[in-house]
Amino acid sequence: MTTALLTDITIFVLALLVGFEVISKVPATLHTPLMSAANSIHGIILVGAMLIAATANNALGYVLAFVAAAFAAMNVVGGYVVTGRMLKMFRRRPAPAPASEPGKASADGQTAAANGSGSRA
Amino acid sequence: MSTFNWIIQLVYVAAASCFVLGLHLMNTPATARRGNQLSTGGMVAAIAATLAIIIHAGTISATGWIVMLAGGLLGGGAGLYAARTVQMTAMPQLVSIFNAVGGGAAALVAIHDYINLAGRAAGPAESITITTLLDVLIGAVTFSGSIIAAGKLQGLISAAPVTFPGSRVINMAAAAIAAAASVYLIVTPSVPMLLVVIAAALVFGVTMVLPIGGADMPVVISLLNAFTGTAVAMAGFVIGNWALIIAGALVGASGGILTKLMADAMNRSLGNIMIGGFGTGDGGAAAAVGPGGDVRSIAADDAAIQLAYAQKVIIVPGYGLAAAQAQHAVAELAGVLEERGIEVSYAIHPVAGRMPGHMNVLLAEANVPYPLLKEMDEINPEFPRADVALVIGANDVTNPAARRAGTAISGMPILDVDHAKSIIVIKRSMASGYAGIDNELYVNPKTSMFFGDAKTALTELTAAVKTLVA
């Protein structure tokens, strides 16, 4: 048992407890974005992937580093972007003029209906 | 420690703090976006610090740079594309894929480290070997298990529990081989034996997830999320980086909490879920008991009258709503009702959907304001005041049989839909839900069934309400 390992274990356990404390306060409404955010956080493995790319010195090492970097980068970029995309949809009040399809469709529908009744009259 | 190292370590501490504070800000929807931005900032800082280490050390080869940048750009591009284009109904698959690549990357870091150390005369120290093995084992299980989970969610692999003769034996054998090979490795460094550990762990991951049924996916995804976090933390032990340890532990805690919440919401133990779903054996026998009483069906016009003259309507969406892509249709109906001054809210069961909180995201996408999305404990006392409870594609989570002992779902927390003054259920047929038992709600004298596909039925209903009030 080295002191370094003991320090690492201490940090791990304390971080786990902080995690339980912080995350148990997240409401069920946000559980999907929470999981997605946790997903992006474990993308920190990119740091590990970069460090192995820096020490690799043979073909096998380069292949492992390449795959690890690709996996980790996909994890970190995708995770943060999709979390942001989801959270942007949570609104306190409905958006007044949504640019999304359903809003547009109903507006078009009303115009069409107005035109239709006009021509029938 | 040199000044340079001091600065780098402080940046890592700052990054880890950003992750914690970012998660903390997710305790309300109003601050959650800021939380995500803060977390992103921490990540950018950690990556920048790592680049600084690599440049400062100056030992990286040109090939190393190319490998790192090419891998990063390729993976980052793929992640960006997936994140921008994914449908919200497909979120569980995407989260599974991110779990897979995260766990896979963590395993690869440990594998690389082990091969390097095994090549040296001294060989790896025992404590390094143990954390390396934990990283490889957990990472590989997460990788293959998450890919199978994503395949099931996407419909590429049958969502029903997949079992074949000997599948349980293969699963047990894989676990035994992985454990035995790991013990051997702690005593004797050997790269070929590491490959045995990797292969056995991959097989274990596949045979672990295959027998799990589709409706148990919220639990499985949460569990695999916890695994990924733990694997990343172990990678932090291996390369001696505290930022990885802290980040991994946070994710492990998050996955652990969600796993427990989901299992509790189904009133099932984790062991029970891992062994295999309902409906594989005794479900048929329970169904034979059957309900007595008649089922009343209702036409769109009559249902519209009930809704249009109600004061309070509670909508109960289930996975059937998401499967029919009817979240926009239900939001439109709710909009029409609200214009008439009717109080509309949504009752969300924790396992409505294919991952924790999935239904909330789908409704948020359909522009439903989040204050209307109510959690089970919050909405249950409101059902007696509701004139109409409109159940759309939800089944087992509304079944009053859960309150009695002796049924397949006994003890499962349910939405008290039967306490509403009247109930309208939109459903395609009388088919039973995942638990394989009949829903007593459907034969309640207060209940009317509106048979049809959720989207078509809701569109008809909206049109009928509009005609009625015009």
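Parameters at a glance
- Residues numbered from 1 in each chain as written.
- Chains lettered and ligands numbered in written order.
- Predicted model: local features only at pLDDT ≥ 70, side-chain atom pairs only at ≥ 80, totals over all residues.
- Buried ≥ 20, exposed ≤ 12 C-beta atoms within 10 Å, placed from the backbone.
- Helix = DSSP H or I, 4+ residues; strand = E, 2+ residues; numbered from the N terminus.
- Pairing = 2+ DSSP bridges.
- Expected span 1.5 Å × (residues − 1).
- Arc of directions from axis to C-beta.
- Contact = placed C-beta atoms within 7 Å.

A. Just the pairing of strand β1 (residues 312-317) of chain B, in detail. All names here are of chain B. The buried count for β1 comes to five of six residues, which makes it a mostly enclosed element. Where β1 lies against strand β2 (residues 343-348), four bridges are found, and the strand directions are parallel. When the bridges of β2 are listed, I315 appears paired with Y346. Pairing geometry for β1 and strand β4 (residues 388-392), over five bridges, is parallel. The residue bridging V313 from the neighbouring strand is V388, located in β4.

B. Seen up close, unusual backbone geometry. Residues and elements named next belong to chain B. Despite not being glycine, Q325 has its phi angle at roughly 55 degrees, a positive value. Of note, Q325 is situated in the loop between α13 (319-323) and α14 (327-339). For Q325, a count of 14 C-beta atoms within 10 Å puts it in the partly exposed group.

C. Helix α6 (residues 167-187) of chain B, seen in detail. Residues and elements named next belong to chain B. Relative to the 30 Å expected for 21 residues at 1.5 Å per residue, α6 spans 31 Å between its end C-alpha atoms, a close match to the ideal helical length. Regarding α6, the residues found buried are A174, A178, A181, S182 and L185. Taken down its axis, α6 places every buried residue within 105 degrees of arc, on the same side. Of the exposed residues in α6, the ones pointing more than 90 degrees away from its buried face are V169, M172, A176, V183 and V187. Packed against the buried residues of α6 are α5 (126-154) and α7 (191-209).

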